[in-house]
Amino acid sequence: MAFNFGAPSATSGTAAATAAPTGGFGGFGTTSTTAGSAFSFSTPANTGATGLFGGTQNKGFGFGTGFGTTAGTSTGLGTGLGTGLGFGGFNTQQQQQQQTTLGGLFSQPTQAPAQSNQLINTASALSAPTLLGDERDAILAKWNQLQAFWGTGKGYFNNNIPPVEFTQENPFCRFKAVGYSCMPNNKDEDGLVVLVFNKKETDIRSQQQQLVESLHKVLGGNQTLTVNVEGIKTLPDDQTEVVIYVVERSPNGTSRRVPATTLYAYFEQTNIKTQLQQLGVTLSMTRTELSPAQIKQLLQNPPAGVDPIIWEQAKVDNPDSEKLIPVPMVGFKELLRRLKVQDQMTKQHQTRLDVRTHPPALGMIISEDISELQKNQTTTMAKIAQYKRKLMDLSHRTLQVLIKQEIQRKSGYAIQADEEQLRVQLDTIQCELNAPTQFKGRLNELMSQIRMQNHFGAVKSEERYYIDADLLREIKQHLKQQQEGLSHLISIIKDDLEDIKLVEHGLNETIHIRGGVFS
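Small disclaimer: the values here were computed from a predicted structure and weren't measured.

The rules behind these values
- Residues numbered from 1 in each chain as written.
- Predicted model: local features only at pLDDT ≥ 70, side-chain atom pairs only at ≥ 80, totals over all residues.
- Heavy atoms only, no water.
- Helix = DSSP H or I, 4+ residues; strand = E, 2+ residues; numbered from the N terminus.
- Contact = heavy atoms within 4.5 Å.
- Areas by Shrake-Rupley, 256 points an atom, 1.4 Å probe, with all protein chains shown as cover.
- Salt bridge = Lys/Arg side-chain N within 4 Å of Asp/Glu carboxyl O.
- Buried < 20%, exposed > 50% of the residue type's maximum accessible area, 1.4 Å probe, protein only.
- Patch = residues over 30% accessible without salt bridge, like charges linked within 9 Å, V, L, I, M, F, W, Y side chains within 5 Å.
- Expected span 1.5 Å × (residues − 1).

**Student:** Help me get a handle on the overall build of the chain, residues and values and all.
**Tutor:** Per the secondary structure count, the chain includes 13 helices and nine strands. Of all intrachain contacts in the chain linking residues separated by at least 6 positions in sequence, the fraction that spans at least 24 positions is 66%. As displayed, the chain has an accessible area near 34,800 Å², and 55% of this comes from carbon and sulfur atoms.

**Student:** Describe the pattern of salt bridges, listing the residues and the values that go with them.
**Tutor:** Opposite charge on two side chains permits them to pair, given that their charged atoms come into close proximity. For the structure shown, the criterion picks out 16 salt bridges. Notably, a salt bridge pairs E248 with R256, separated by 3.1 Å at the nearest N-O pair. Among the residues examined, R256 registers a relative accessible area of 41% and is labelled partly exposed. Residue E334 is joined to R337 by a salt bridge in which the shortest nitrogen-to-oxygen separation is 2.8 Å. Remark: R337 and E334 occur in helix 9 (residues 331-353); sequence separation between them is three residues, near one turn of the helix. Note on E334: relative accessible area 13%, which makes it buried. Judged by relative accessible area, R337 falls into the partly exposed class, the value being 28%. Here the salt bridges share partners, and the residues they tie into one network are K233, E241 and R287.

**Student:** Account for helix 5 (residues 260-267), naming residues and giving values.
**Tutor:** The buried fraction of helix 5 is high, at eight of eight residues. Taken together, the buried positions of helix 5 are A260, T261, T262, L263, Y264, A265, Y266 and F267. Contacts made by the buried residues of helix 5 are with strand 4 (193-197), helix 4 (208-218), strand 6 (239-249), helix 6 (270-278) and strand 8 (281-286).

**Student:** Give me a nonpolar patch on the surface: which residues, what numbers.
**Tutor:** The grouping of L486, L489, I490, I493, L497 and I500 at the surface amounts to a nonpolar patch, some 540 Å² of accessible area in total. Relative to the elements of secondary structure, L489 occurs in helix 13 (residues 469-518). The exposure class of L489 is partly exposed, given its relative accessible area of 47%.

**Student:** Can you tell me about helix 9, naming the residues and giving the values?
**Tutor:** For helix 9, with 23 residues, the first-to-last C-alpha span of 33 Å sits near the 33 Å given by 1.5 Å per residue. Where helix 9 is concerned, the buried positions are G331, E334, R338, V341, Q344, M345 and T351. The inward-facing, buried residues of helix 9 abut strand 3 (176-182), strand 5 (225-235) and strand 9 (324-330).

**Student:** How would you summarise the environment of S255 if you had to cite specific residues and measurements?
**Tutor:** Locating S255 in the fold gives a position in strand 7 (residues 255-257). Using a relative accessible area of 51% as the deciding quantity, one classes S255 as exposed. The spacing of S255 and L225 is 30 residues in sequence and 9.5 Å in space, taken between C-alpha atoms. If we ignore the near neighbours within four places in the chain, the residues touching S255 are V247, E248 and R249.

Here it is in structure tokens:
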């Protein structure tokens, strides 16, 4: 079998023989199970009349071993605390919305007075049913426990009282876990509202202008309102998330964004919601940050059917309490939904990062950005080097202008004593630098030693050596003079070659003339 629930134990004093059911009880038989033996339910220790609610804690109830291992993904968290303040041409009445939607995961039921009776009936169905009045009631109790574990079916326990409806929100359902979702950081003034369309992203993008016009008609066609699309994102099951905001222009020329709660309250009206459904909208929610009071309320009150101890442990295990909030995952559908969302986000990340596994229309987003940044860096470095050279050239030109200006200012004046002393000092320094046994000779010796070290061993050839700018200038000047001398010598040789060619040409003509005369 797919699920091993353990053998039922006999009650005290009666050896009740139970045969394996061949059909299906209630709604349990209609559910097809294809999973392997991933879930194994053991029979509770006490199986008598007080099997589930004895003095000791029952070890058969709780969460599976997968608790806390679900990675938190940002799945469009939003809050729907609309106040219906009314704006522009909306003409909405003030109403207080107490619904809080956190990515479709938090949905606190209304506390009704009949909840205590529901709890008593559930306890009776699980521990002490009195439907048949014999030992078969113990078997029925175990069957009700099995349905409560599964989270589906009806628990019959009394002929005069309707059966208990078991849902996945009941405290004994085993298919539960707790994950984490990102909290939005947008403010209500940003006016961001999420609309989930039952259409593909390509269809939404190709008809984006028509969609904006349709939403404007839904808003009443008021000319002072403008619908803007903030972003479009693909969701699993061929759905698309569209984030919009509405800008309202006043007669004095100023504009503001309509608050998200006000816009959400307008969309939640019955007639407006019907129009949105005709456009393909399956879900609408606000994307606003939670206030500290709302976060405190969500954390202090465990969701329906979640053990407070497990909820407290989930809060302790929160990897980032500033950005993530624990959310329950009840049932396989919710787990599958989060798995699809996480897989969709992973594919989007790969699309943005991996160029080789995606076509150019989808990939090459971050790669193109990186290439563009590298090009900009190369261009910037080249410009910096160019500006450095230009700065050096301007510095030299400025120095030359200052020298000429100083010469003109001092023209006609005799050399002063301090200037003569400065000239003597500069000549002395120049002689010391050019002396073979002084600094220049030592510098040449050090350069020779460095070259030998590079050639023989430790220091590799990748190292670069820099020559002093003045020495490099002298070398360039010397090479320039040598180049000019070679160019002058080459021009002389060319002139001599031309003269020699003229002489040879004249000699050839003279010989030809003389040969004709003698012949």
